[in-house]
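Geometric and topological summary
What follows is the residue order along each chain.
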Amino acid sequence: MSRPGVAHPTSGADPDPRFPFPHSPTPTRCQLQPTLFDFTNGDRTADRAATDKRLEQARKACSHCPIVKDCLRWALVNKPVTKVGIWAATTPSQRTTLRKRMVDRLGPDWIDVLARQDQARRERAAAARHTPLTVDQARIVRLDRQVNGPMPTHRLITPELQQRNRTRLMAGLKAAS
Ligand code: SF4
């Protein structure tokens, strides 16, 4: 399987379209250096020391990756395209173990369960974006701006400042009610 974002021959299988590969703000190490992550369990028999070293390097790279958690989820649901290689610091056999745990936790259709959860989450987020603030919420936001001004971006909010802002806001709310 080519690493998402890297053009090279694939296994022929396609990833599950319900689970887009997580977005990384910067190119990932496996995109920049895919050969480091090519690994099968059988590799261990060839030159064990060299393989262990490479495995350790790949794992270390994954542990600093900004999308490691979502990458693991993606690799688990996409077994046909992650049969080999290091994904999210896991080997193929470790992923097999993790998939068995998912079956224990969510049932044999655990991938569909996750897909439904994702869909519900997306729908909730879309609904929240389209739900206007209630009159009370809008009033609190307006008062907060009037009393405290725009959110300071350069100043550290200390507990004292936080308390002072809260007191002012409560006083403003009381006066307005
Ligand atoms: S966690 Fe590892 S395998 Fe996954 S995107 Fe990051 S570097 Fe690549």
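What counts, and where the lines are drawn
Residues numbered from 1 in each chain as written. Predicted model: local features only at pLDDT ≥ 70, side-chain atom pairs only at ≥ 80, totals over all residues. Heavy atoms only, no water. Helix = DSSP H or I, 4+ residues; strand = E, 2+ residues; numbered from the N terminus. Buried < 20%, exposed > 50% of the residue type's maximum accessible area, 1.4 Å probe, protein only. Contact = heavy atoms within 4.5 Å. Areas by Shrake-Rupley, 256 points an atom, 1.4 Å probe, with all protein chains shown as cover. Near = heavy atom within 4 Å. Nonpolar A, V, L, I, M, F, W, Y, C, P; charged D, E, K, R; others polar. Expected span 1.5 Å × (residues − 1). Arc of directions from axis to C-beta. Salt bridge = Lys/Arg side-chain N within 4 Å of Asp/Glu carboxyl O. Axes fitted to C-alpha atoms, helices over the stretch in contact; angles between N-to-C directions. Parallel < 35°, antiparallel > 145°, perpendicular 65-115°, else oblique. Left-handed = near helix turned anticlockwise from the far one by under 90°.

The helix and strand inventory of the protein chain stands at seven helices and zero strands. Counting from the amino terminus, helix and strand elements in the protein chain follow one another as α-α-α-α-α-α-α. Across the 177 residues that make up the protein chain, the buried fraction comes to 28%. Pairs at least 24 residues apart make up 59% of the contacts formed inside the protein chain by residues separated by at least 6 positions. A total of about 12,100 Å² of accessible surface is found on the protein chain, and carbon and sulfur atoms cover 57% of it.

All right, on to the site of the ligand then. In the vicinity of the ligand, the residues found are Arg3, Phe21, Thr28, Cys30, Cys62, Cys65, Ile67, Val68, Cys71, Ile86, Trp87 and Ala88. Considering only residue class, the shell around the ligand consists of 10 nonpolar, one polar and one charged.

This part is about helix α2 (residues 48-63). The end-to-end C-alpha distance of α2, which contains 16 residues, comes to 22 Å, matching closely the 22 Å that a straight helix rising 1.5 Å per residue would cover. All buried positions along α2 are accounted for by Thr51, Leu55, Ala58, Ala61 and Cys62. Along α2, the residues classed as buried sweep out an arc of 125 degrees about the axis, all on the same side. Away from its buried face, by an angle of more than 90 degrees, α2 presents the exposed residues Ala49, Lys53 and Lys60. The secondary structure elements touched by the buried residues of α2 are α1 (29-32) and α3 (68-77).

With that settled, consider the pattern of salt bridges. Here the idea is simple: oppositely charged side chains can pair when their charged atoms come close. Counted under the stated rule, the structure contains five salt bridges. The closest approach of N and O atoms between aspartate 112 and arginine 18, which form a salt bridge, is 2.9 Å. Taken together, the positions of aspartate 112 in helix α5 (residues 110-130) and arginine 18 in the segment before α1 put the pair 94 residues apart, joining distant regions of the chain. The salt bridge involving aspartate 118 is made with arginine 121; its shortest N-O contact spans 3.2 Å. Of this pair, aspartate 118 and arginine 121 both sit in helix α5, separated by three residues, roughly a single helical turn. The exposure class of arginine 121 is partly exposed, given its relative accessible area of 44%. Taken together, the shared-partner salt bridges in this structure form one network comprising Asp16, Arg18 and Asp112.

For the pair α3 and α5, the least separation of the axes is 10 Å and the interaxial angle reads 135 degrees. Relative to α5, α3 is oriented oblique. As α3 runs across α5, the sense of the crossing is left-handed. Across from Arg73, Leu76 and Val77 in α3, the residues of α5 making contact are Trp110, Ile111, Leu114 and Asp118. For the contact of α3 with α5, the class distribution of residues is five nonpolar, no polar and two charged.

Okay, unusual backbone geometry next. Even without being glycine, alanine 88 reaches a positive phi, approximately 50 degrees. Examined against the element boundaries, alanine 88 turns out to sit in the loop between α3 and α4 (92-106). Phi is positive for alanine 89, close to 70 degrees, though the residue is something other than glycine. Looking at the secondary structure, you find alanine 89 in the loop between α3 and α4.

Once that is clear, we can look at the environment of valine 77. Mapped onto the elements of the fold, valine 77 is located in helix α3. With relative accessibility at 5%, the residue valine 77 sits in the buried group. Distance from valine 77 to alanine 115, taken between C-alpha atoms, is 9.5 Å for residues 38 residues apart in sequence. Not counting residues up to four positions away in its chain, the partners in contact with valine 77 are Phe19, Trp110, Ile111 and Leu114.

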